[in-house]
Amino acid sequence: MRCCPMCYCKAYLKNTGAMTCGTTMKLRYEISCSNCGLGPAKTGEVLMTYNEHNMQGVIDDSNLKQLIAEWDSILRDPERERIANI
């Protein structure tokens, strides 16, 4: 994942909540910078469901992947980011 576009420190995914109902579990994530606190207004979700008969898990993380793609598309200075990652 890319660096913070404000301070160029490494940004991380942070779990902001979890909810379970029967055989379904929903985890909410947000991207945030531990240095300056910048984060998006939206959160990404991972939805995990289990088939009760054979206990096979099905994971849908497309919403989280979209959140990460939006974060990576924020305009930034690639050279400063490269130096910050060294």
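Right above here is the structure, for reference.
Below or above, wherever it landed, is the structure these notes cover. What you see is a predicted model; the values in this text were computed from it and never measured.

What counts, and at which threshold
- Residues numbered from 1 in each chain as written.
- Predicted model: local features only at pLDDT ≥ 70, side-chain atom pairs only at ≥ 80, totals over all residues.
- Heavy atoms only, no water.
- Salt bridge = Lys/Arg side-chain N within 4 Å of Asp/Glu carboxyl O.
- Helix = DSSP H or I, 4+ residues; strand = E, 2+ residues; numbered from the N terminus.
- Pairing = 2+ DSSP bridges.
- Axes fitted to C-alpha atoms, helices over the stretch in contact; angles between N-to-C directions.
- Buried < 20%, exposed > 50% of the residue type's maximum accessible area, 1.4 Å probe, protein only.
- Arc of directions from axis to C-beta.
- Contact = heavy atoms within 4.5 Å.

1. Focus on the pattern of salt bridges
The full count for this structure, using the stated rule, is 4 salt bridges. Measuring nitrogen to oxygen at the nearest pair gives 3.2 Å for the salt bridge that ties Arg28 to Glu45. With a gap of 17 residues between them, Arg28 in strand β2 (residues 24–33) and Glu45 in strand β3 (residues 44–50) connect regions that are remote in the sequence. One salt-bridge network, in which partners are shared between bridges, spans Lys26, Arg28 and Glu45.

2. What about the pairing of strand β4 (residues 57–60)?
Pairing of β3 with β4, which is carried by 4 bridges, proceeds in the antiparallel orientation. By the bridge assignment for β4, Tyr50 is matched with Gly57. A loop of 6 residues connects β3 with β4, the two strands running antiparallel in sequence, and Met55 in this loop sits at a positive phi of about 55 degrees.

3. Some thoughts on the sheet that holds β3
With respect to topology, 4 strands assemble into an open sheet ordered β1-β2-β3-β4, the strand pairing being antiparallel. Both outer strands of the open sheet, β1 (11–21) and β4, are each paired with one neighbouring strand and no more. Across the sheet, the mean angle separating the axes of adjacent strands is 20 degrees when strand polarity is ignored. Relative to β3, β2 runs antiparallel, the two sharing 6 bridges.

4. A look at helix α1 (residues 62–72)
Here α1 has its buried residues at Leu64, Leu67 and Trp71. Here the buried residues of α1 occupy an arc of 55 degrees about the axis, which is enough to place them on one side. Residues of α1 that are buried sit in contact with β1, β2 and β3.

5. Quick look at the pairing of β2
Pairing analysis gives 10 bridges linking β1 to β2, with the strands arranged antiparallel. Its bridge partner lying in β2, Tyr12 is registered against Ser32. Taking the residues between adjacent antiparallel strands as the criterion, β1 and β2 are bridged by 2 residues, where Gly22 takes a positive phi near 65 degrees.

These figures come from the coordinates and say nothing about function on their own.
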